[in-house]
Amino acid sequence: QMQFVESGGGLVQPGGSLRLACAASRSIRMVAVGWFRQAPAKERAAVSCISPDGGIGGGPTNYADAVKGRFTISRDVDKNTVYLEISSLRPEDTGVYYCAADLASNLRSSCSMDPIDYDYWGQGTHVTVSS
């Protein structure tokens, strides 16, 4: 099994930035990792994902339309960690941010943005964007 620990969340003013980290308990080399967020009383939705890198340290990525140009996902396979840099933050970015692994990612042409495809989830880190 795979376990995740998310960190880096907190209170930030509009227009600010945070760097979220997702530390995995084992290698993330061969799985896709997604970042998701959930606001109170709303469905969990993907914000970004990164595909397996084939052993060279990087793979194709996807972003939700709402965060394109503002969020950046990256992977450090040597540290078993995926990062999400979130910038130009707005109050609507507030929520609990989760990372997750898709064990079937090698069957897909690109990483999935559907939460149902993900198998292992962290406990989340809270992000609050407020003046």
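Basis of the calculations
- Residues numbered from 1 in each chain as written.
- Predicted model: local features only at pLDDT ≥ 70, side-chain atom pairs only at ≥ 80, totals over all residues.
- Heavy atoms only, no water.
- Buried < 20%, exposed > 50% of the residue type's maximum accessible area, 1.4 Å probe, protein only.
- Helix = DSSP H or I, 4+ residues; strand = E, 2+ residues; numbered from the N terminus.
- Pairing = 2+ DSSP bridges.
- Axes fitted to C-alpha atoms, helices over the stretch in contact; angles between N-to-C directions.
- Contact = heavy atoms within 4.5 Å.

Colleague: Would you mind showing me how to read the pairing of strand β4 (residues 32-38) here?
Modeller: Burial analysis of β4 places six of its seven residues in the buried class, which makes it a mostly covered element. Taken together, the seven bridges between β4 and strand β9 (residues 95-102) define a ladder with antiparallel strand orientation. Counted as the bridge partner of Arg37 is Tyr97 from β9. The pairing of β4 with strand β5 (residues 45-50) spans five bridges and is classified as antiparallel. Bridging from a neighbouring strand, Gly34 pairs with Cys49 of β5.

Colleague: Help me understand the sheet that holds strand β8 (residues 81-86) in this model?
Modeller: Strands pair in a sheet through their backbones, by hydrogen bonds, and they do so in one of two ways: parallel or antiparallel. Ordered by their spatial adjacency, four strands build an open sheet running β1-β3-β8-β7, and the pairing between neighbours is antiparallel. The open sheet has two free edges, formed respectively by β1 (4-7) and β7 (71-76), since each of these has just one partner strand. If you compare each strand with its neighbour and ignore which way they point, the axes differ by 15° on average. As paired strands, strand β3 (residues 18-24) and β8 are joined by six bridges and run antiparallel to one another. Counted as the bridge partner of Leu18 is Ile86 from β8.

Colleague: Is there a simple way to explain the environment of Thr61 in this structure?
Modeller: Its location among the elements puts Thr61 in strand β6 (residues 61-63). Owing to a relative accessible area of 32%, Thr61 belongs among the partly exposed residues under this scheme. When near neighbours in sequence (up to four residues on either side) are disregarded, Thr61 contacts Cys49, Ile50, Ile73 and Cys111.

By themselves, these are just geometric observations and shouldn't be taken as functional.
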